[in-house]
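# What the coordinates show
Listed below, chain by chain, are the residues.
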Protein chains: 2
Amino acid sequence: MKKYLKILQQCPLFSQIDTENLLRMLTCLGARIEMFDKKYTIIAEGNPAKYIGIVLTGSVQVMRIDYYGNRSILAEAEAGELFGEDFACAEVSAIPVTIIANEPSTVMLIDCSHVLHTCTNNCGFHQQLIFNLMKDLASKTIAFHQKAEITAKRTTREKLMSYLLFQAKKTGSHSFDIPFDRQELADYLEVDRSGLSAEISKLRREGILKSEKNHFVLL
Amino acid sequence: MKKYLKILQQCPLFSQIDTENLLRMLTCLGARIEMFDKKYTIIAEGNPAKYIGIVLTGSVQVMRIDYYGNRSILAEAEAGELFGEDFACAEVSAIPVTIIANEPSTVMLIDCSHVLHTCTNNCGFHQQLIFNLMKDLASKTIAFHQKAEITAKRTTREKLMSYLLFQAKKTGSHSFDIPFDRQELADYLEVDRSGLSAEISKLRREGILKSEKNHFVLL
DNA sequence: AGAAGTATGTTGAATTTTCAACACAATGAG
DNA sequence: CTCATTGTGTTGAAAATTCAACATACTTCT
């Protein structure tokens, strides 16, 4: 557990909680650590949404596959970020998404009911945890709005350009890497992969961007 | 203020808070009540996201208009429901959506900073309010996921059918009203209005549904 | 080095959406 | 009642997406 202290302290769930109390609290909450290989399922759609997940190393993807087999990538979480906390806090009986490891990853899982409902030891940090969860959920909503702003666009080109401009803004540079391969980017933007590839080539020919693999430069 | 007590008690923000305390709290929070005519703007995009809104009568729409003039309807809130709380809780400097009255409406506005940061009177209900906000934000995320599941579909027909099936499930009947006119439904599903009309006619001809104005029957 | 598998780009045909324009019904104001 | 406005359905042409199939790189494994 101590091995991951540094990353846990950066986690929004534990904001304003000092090291000593953090360790005690994790025991009290029954936190456990698990490891997953690349592409392995951490939480499968349809299961009860019990756990708040924290990425300790690696990264995870939140996705859904619809009736027709189309995959949507809904979000990505990297080290220090939470996943599944929205469904766990809403106490839904079945989680509507699947969460997989994007690469070999270590995650911490905390039973959400231990966070929401005061434990018998009354360890006294629930109020801060609930405040932190509230802030986290609010910023998740913002992120979701940003994604919706991109996918609401009508054409592949507009979706792609809004996404790239957003990434450029986020990294503060015209030159940046994206965390997706082509198929994943297509699934994130909710468009056809081959059409996306064609559109990238077109933008390249028009001198609007340069790209190589998952590195992009906006001109 | 007393006039709206009944609806305020149903509001998720005030869950677990009794009448007497509710009234005192509203004063302490500096809650104010405003009225808006149909189609009037309650909160305009770009303004600071200061307020938690509560619909007292009527209903409001959360929407955004993009660069090209396409409107997206993101959500609807009816009496007793909250709006804008996600942005206020995230303390973003500019709200990325516009919120308008869908019909003549009365709303209560509460400065979110009064809720998040303990007031000098220490009226003692902040913990409950923050818990309630956390639960509300979690269920907003669920609702947002449901909308995303609909708009992620690739064709107008699939979007429309998922929407209608969802409404049927929600009302528990194959016969139901929707809260949108055609243009609004198109903006909610993020498709072209005329294409949507054509698709509804087609489904009607195929015997899959009956519809008249905003009333639908799935067969 | 060679083989197998994965990722990416390309193409053309079929499908679907968007867009603009118009007809007609319903609504509301004077 | 009439006129003007708004909402809805229809159509055809243009544009864009999807889909399937394939060529070519790039990886990974032995």
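About the thresholds
Residues numbered from 1 in each chain as written. Chains lettered and ligands numbered in written order. Predicted model: local features only at pLDDT ≥ 70, side-chain atom pairs only at ≥ 80, totals over all residues. Heavy atoms only, no water. Helix = DSSP H or I, 4+ residues; strand = E, 2+ residues; numbered from the N terminus. Contact = heavy atoms within 4.5 Å. Areas by Shrake-Rupley, 256 points an atom, 1.4 Å probe, with all protein chains shown as cover. Phe/Tyr/Trp six-rings, centres within 6.5 Å; stacked < 30°, edge-to-face > 60°. Buried < 20%, exposed > 50% of the residue type's maximum accessible area, 1.4 Å probe, protein only. 1 Å grid on protein atoms, 1.4 Å probe; cavity = no way out; pocket = protein on both sides within 12 Å on 5 of 7 lines; lining within 4 Å. Points joined across faces, edges and corners; volume = space filled by probe spheres on them. Nonpolar A, V, L, I, M, F, W, Y, C, P; charged D, E, K, R; others polar. Pairing = 2+ DSSP bridges. Axes fitted to C-alpha atoms, helices over the stretch in contact; angles between N-to-C directions. Near = heavy atom within 4 Å. Polar contact = N/O pair within 3.5 Å; in protein donor to acceptor, adjacent residues only side chain to side chain. Buried area = accessible area lost by both parts, 1.4 Å probe. Salt bridge = Lys/Arg side-chain N within 4 Å of Asp/Glu carboxyl O. Domains from an automatic or database assignment. Least-squares fit on C-alpha atoms with pLDDT ≥ 70 in both.

## Section: the overall build of chain A
- Looking only at helices and strands, chain A has 8 helices and 11 strands in total.
- With the principal axes as the frame, chain A shows a C-alpha extent of 65 × 40 × 30 Å.
- A separation of at least 24 residues holds for 71% of the contacts in chain A among residues at least 6 apart in sequence.
- Total accessible area on chain A is roughly 10200 Å²; 50% of this is exposed by carbon and sulfur atoms.

## Observations concerning the packing of aromatic side chains
- In the structure shown here, the tally under the stated rule is 9 aromatic pairs over all chains.
- Relative to Phe 180 of chain B, the ring of Tyr 163 of chain B has its centre 6.3 Å away and its plane inclined at 35 degrees; by these criteria the two rings are tilted. You can see Tyr 163 of chain B sitting in helix H6 (residues 156-171) and its partner Phe 180 of chain B sitting in the loop between strand S9 (175-177) and helix H7 (182-189), a full 17 residues away along the chain.
- Given the relative accessible area of 4%, Phe 180 of chain B is considered buried.
- Joined through ring pairs, the aromatic side chains of Tyr 163, Phe 180 and Tyr 188 of chain A make up one cluster.

## With respect to the layout of surface pockets
- Taken as a whole, the second largest pocket encloses approximately 960 Å³ of empty space.
- Lining of the second largest pocket is provided by 34 residues; of these, Ala 75, Glu 76, Glu 81, Ala 143 and Lys 170 of chain A occupy positions nearest its centre.
- The set of elements that each furnish at least two residues to the lining of the second largest pocket consists of strand S5 (71-78), strand S6 (82-83), helix H3 (85-90), helix H5 (126-151) and helix H6 (156-171) of chain A together with helix H5 (126-151) of chain B.
- Among the residues forming the lining of the second largest pocket, the class breakdown is 18 nonpolar, 8 polar and 8 charged.

## With respect to the sheet that holds S6 of chain A
All names here are of chain A.
- Spatially, 4 strands are ordered S1-S8-S3-S6 in an open sheet, and the strand pairing comes out antiparallel. Bordering the open sheet on either side are strand S1 (32-36) and S6, each of which pairs with just one other strand.
- With 2 bridges joining them, strand S3 (residues 51-57) and S6 adopt antiparallel strand pairing. Across the sheet, Ile 54 pairs through a bridge with Leu 82, a residue of S6.

## Here's the deal with the environment of Tyr 163 of chain A
Residues and elements named next belong to chain A.
- A relative accessible area of 1% means that Tyr 163 is categorised as buried.
- Along the sequence, Tyr 163 and Leu 185 sit 22 residues apart, while their C-alpha atoms lie 9.6 Å from each other.
- If we ignore the near neighbours within four places in the chain, the residues touching Tyr 163 are Ile 150, Ile 178, Pro 179, Phe 180, Leu 185, Tyr 188 and Leu 189.

## Observations regarding the sheet that holds strand S4 (residues 59-65) of chain A
Residues and elements named next belong to chain A.
- The 4 strands are arranged S2-S7-S4-S5 in an open sheet whose pairing can be described as antiparallel. Single-partner strands in this sheet number two, and they are strand S2 (41-43) and S5. Strand-to-strand, the axes of this sheet are offset by a mean angle of 35 degrees, without reference to chain direction.
- Note that S4 and S5 share 7 bridges and pair antiparallel. The residue bridging Val 60 from the neighbouring strand is Ala 77, located in S5.
- Each of S4 and S5 touches helix H7 (residues 182-189); the most contacted strand, S5, lies at about 105 degrees to it.

## Quick notes on the protein's contact with DNA strand C
- Surrounding DNA strand C, one finds 16 residues, the nearest of these being Arg 182, Ser 197 and Ser 201 of chain A together with Thr 156 and Asp 192 of chain B.
- Counting only atoms of DNA strand C within 4 Å of the protein, the sugar-phosphate share comes to 63%.
- In the model, a phosphate oxygen of DNA strand C is placed 2.3 Å from a nitrogen or oxygen of the Ser 201 of chain A side chain.
- Interatomic distance of 3.4 Å between a side-chain N/O atom of Arg 204 of chain A and a phosphate oxygen of DNA strand C.
- Going through the elements one at a time, H7 and helix H8 (193-205) of chain A together with helix H8 (193-205) of chain B are the ones with two or more residues in the surface near DNA strand C.
- For the surface near DNA strand C, the element with the most residues is H8 of chain A, which contributes 5 residues.

## Description of the protein's contact with DNA strand D
- Around DNA strand D, a shell composed of 16 residues is seen, among which Thr 156 and Asp 192 of chain A together with Arg 182, Ser 197 and Ser 201 of chain B lie nearest.
- Taken together, the sugar and phosphate atoms account for 62% of what DNA strand D places within 4 Å of the protein.
- Residue Arg 154 of chain B places a side-chain N or O atom 3.1 Å away from a phosphate oxygen belonging to DNA strand D.
- In the environment of DNA strand D, a base nitrogen lies 3.1 Å from a nitrogen or oxygen atom belonging to the side chain of Arg 193 of chain B.

## Structural notes on the interface of chain B and chain A
- Contact with chain B, which involves 36 residues of that partner, is made by 36 residues of chain A.
- When chain B packs against chain A, the two sides together hide about 3500 Å² of surface, and 65% of this comes from carbon and sulfur.
- Among the residues of chain B in contact with chain A, Phe 144, His 145 and Arg 154 of chain B are the three that bury the most area, contributing 19% of the side total.
- Our count for the contact surface shared by chain B and chain A stands at 4 salt bridges.

## Examining the domain arrangement of chain A
Residues and elements named next belong to chain A.
- Domain parsing of chain A yields domain 1 (2-143) and domain 2 (153-218).
- Each of domain 1 and domain 2 has a C-alpha centre, and the two are 29 Å apart.
- Facing 8 residues of domain 1, the contacting portion of domain 2 comprises 7 residues.
- For the pairing of domain 1 and domain 2, the buried interface totals around 630 Å² over both sides, and the portion due to carbon and sulfur atoms is 43%.

## Looking at the relation of the copies chain B and chain A
- With an RMSD of 0.0 Å, chain B superimposes on chain A once it is rotated by 180 degrees and translated 0.0 Å along the axis. Taken together, the rotation and translation describe the operation of a two-fold axis. Distance from the rotation axis, computed per C-alpha, reaches its smallest value in chain B at Met 134 of chain B: 2.2 Å.
- The share of interface residues of chain B whose copies in chain A are also at the interface is 100%, consistent with both copies meeting through the same surface.

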